[in-house]
Amino acid sequence: MADFWYKCSLVVAPWLVAGLIRLWFATCRVKVRGDGPLREFARHDTGIAAFWHYSFLYLFYYFRKFPAAVMVSASRDGEYIARLAQRMGHVPVRGSSNRGGVKALRAMIEQLQQGKNSAIVADGSQGPARQAQAGCILMASKSGKPIFPVAWATNRAIIFNSWDRTVIPLPFATIVVRVGDPLVVPAVVNAAQVEDYRLELEARLNRLYDAAWHEVGRSAHDTGAPRRKNKGT
């Protein structure tokens, strides 16, 4: 019986949430900083958007005009996220650092080579939060595509009590989206160089993160939140 209700919820929930997201987020005022290089690049090529896990839900919506292959956890709960991504026009690739990660990484690289944009949470499916993992660097190296770091902040939000403190902007909130300059990784890199590029990506993402949240009057999304709700991992 539990499996029956799970399968039913997989059909209904992503469809309802996708519709609600489109209506909900359309009410928000969005300020975009530094996206010129990304928009110019997107006219003639594909790339990799990298962002922290807390921000994934809004970015599914934000990047709806730039459909991408997105890596989604292979867990049972991840199926909801995968189907929601599909509803937003993206192509979910299942896998994470501790389950099917190598296979998923190869699939993401194949999508890039076939002309599809890619999007990946730089801190993975289980964190630690706001600490970049090496997968994004390896993807950029093997595909030859640049990484565009992206962070966003909002002045009014629901912030869930999950490991990443997932953020959902409230209706009519102001959202600041910051896009960094592309990070290009050479085709041939050794382990030490992968670590150097990983640290560079982490630093760039955190600079964008700090600037975005400072602009909306906060030091970070997981401090001073006006509302919190529990959310399963």
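In what follows, the structure referred to is the one given above.
Residues numbered from 1 in each chain as written. Predicted model: local features only at pLDDT ≥ 70, side-chain atom pairs only at ≥ 80, totals over all residues. Heavy atoms only, no water.

Some points on the sheet that holds strand E3 (residues 68-72)
- In spatial order, the strands read E1-E9-E6-E2-E5-E3-E4; together these seven strands make up an open sheet with mixed pairing. Of all the strands in the sheet, just strand E1 (29-33) and strand E4 (91-94) have a single pairing partner and so form its edges. Sheet twist, expressed as the mean angle between neighbouring strand axes with direction ignored, is 25 degrees.
- As paired strands, E1 and strand E9 (residues 174-179) are joined by five bridges and run parallel to one another. Within the sheet, the bridge partner assigned to Arg 29 lies in E9 and is Thr 174.
- Across the sheet, helix H4 (residues 78-87) touches E3 and E4, and the angle it forms with E4 is around 155 degrees. (Pairing = 2+ DSSP bridges. Helix = DSSP H or I, 4+ residues; strand = E, 2+ residues; numbered from the N terminus. Axes fitted to C-alpha atoms, helices over the stretch in contact; angles between N-to-C directions. Contact = heavy atoms within 4.5 Å.)

Description of the environment of Gly 217
- Mapped onto the elements of the fold, Gly 217 is located in the loop between helix H7 (191-215) and strand E10 (228-229).
- Given the relative accessible area of 65%, Gly 217 is considered exposed.
- Placed 63 residues apart in sequence, Gly 217 and Thr 154 show a C-alpha to C-alpha distance of 9.1 Å. (Buried < 20%, exposed > 50% of the residue type's maximum accessible area, 1.4 Å probe, protein only.)

So, the pattern of salt bridges
- Scanning the entire structure with this criterion turns up 12 salt bridges.
- Notably, a salt bridge pairs Asp 222 with Arg 130, separated by 3.6 Å at the nearest N-O pair. Of this pair, Asp 222 sits in the loop between H7 and E10 while Arg 130 is found in the loop between strand E5 (117-121) and helix H6 (135-143), placing the two residues 92 residues apart along the sequence.
- Residue Asp 222 is classed as partly exposed on the basis of its relative accessible area, which comes to 28%. (Salt bridge = Lys/Arg side-chain N within 4 Å of Asp/Glu carboxyl O.)

Examining the packing of helix H5 (residues 101-113) against H6
- Where H5 meets H6, the axes come as close as 10 Å, and the angle between the chain directions of the two elements is 40 degrees. With respect to each other, H5 and H6 are oriented oblique. For the element pair H5 and H6, the recorded crossing hand is right-handed. Every residue of H6 that contacts H5 at Leu 105, Met 108, Ile 109, Leu 112 and Gln 113 is listed here: Gly 135, Leu 138, Met 139, Lys 142 and Ser 143.
- For the contact of H5 with H6, the class distribution of residues is six nonpolar, three polar and one charged. (Parallel < 35°, antiparallel > 145°, perpendicular 65-115°, else oblique. Left-handed = near helix turned anticlockwise from the far one by under 90°. Nonpolar A, V, L, I, M, F, W, Y, C, P; charged D, E, K, R; others polar.)

Looking at the nonpolar core
- Ile 48, Tyr 58, Leu 59, Met 139, Ile 147, Val 177 and Leu 201 are the most contacted members of the largest nonpolar core, which totals 73 residues.
- If we skip the residues at most four places from it in the chain, Val 177 touches Val 30, Lys 31, Val 32, Arg 33, Tyr 58, Tyr 62, Val 150, Ala 151 and Trp 152. (Core = buried A, V, L, I, M, F, W, Y, C linked by side-chain atoms within 4.5 Å.)

Remarks on a nonpolar patch on the surface
- Taken together, the side chains of Val 12, Trp 15 and Leu 16 define a hydrophobic patch exposed on the protein surface, amounting to about 320 Å² of accessible area.
- Structurally, the position occupied by Trp 15 is in helix H1 (residues 2-25).
- Taking relative accessible area as the criterion, Trp 15 reaches 51% and is therefore assigned exposed. (Patch = residues over 30% accessible without salt bridge, like charges linked within 9 Å, V, L, I, M, F, W, Y side chains within 5 Å. Areas by Shrake-Rupley, 256 points an atom, 1.4 Å probe, with all protein chains shown as cover.)

What about the side chain of Asn 117?
- Mapped onto the fold, Asn 117 is located in strand E5.
- Within the structure, the side chain of Asn 117 is placed 3.1 Å from the backbone nitrogen of Gly 47, a separation counted as a polar contact.
- Each residue touching Asn 117, except ones within four places of it in the same chain, is listed here: Asp 45, Thr 46, Gly 47, Phe 66, Pro 67, Ala 68, Ala 69 and Leu 112. (Polar contact = N/O pair within 3.5 Å; in protein donor to acceptor, adjacent residues only side chain to side chain.)

Quick notes on the side chain of Ser 141
- Looking at the secondary structure, you find Ser 141 in helix H6.
- Ser 141 gets classed as buried once you look at its relative accessible area, which sits at 5%.
- Apart from the residues within four sequence positions on either side, Ser 141 is in contact with Val 185, Pro 186, Ala 187, Val 188 and Val 189.

Quick look at the environment of Gly 115
- Structurally, Gly 115 can be placed in the loop between H5 and E5.
- Owing to a relative accessible area of 51%, Gly 115 belongs among the exposed residues under this scheme.
- Between the C-alpha atom of Gly 115 and that of Leu 201, which follows or precedes it by 86 residues, the distance is 23 Å.

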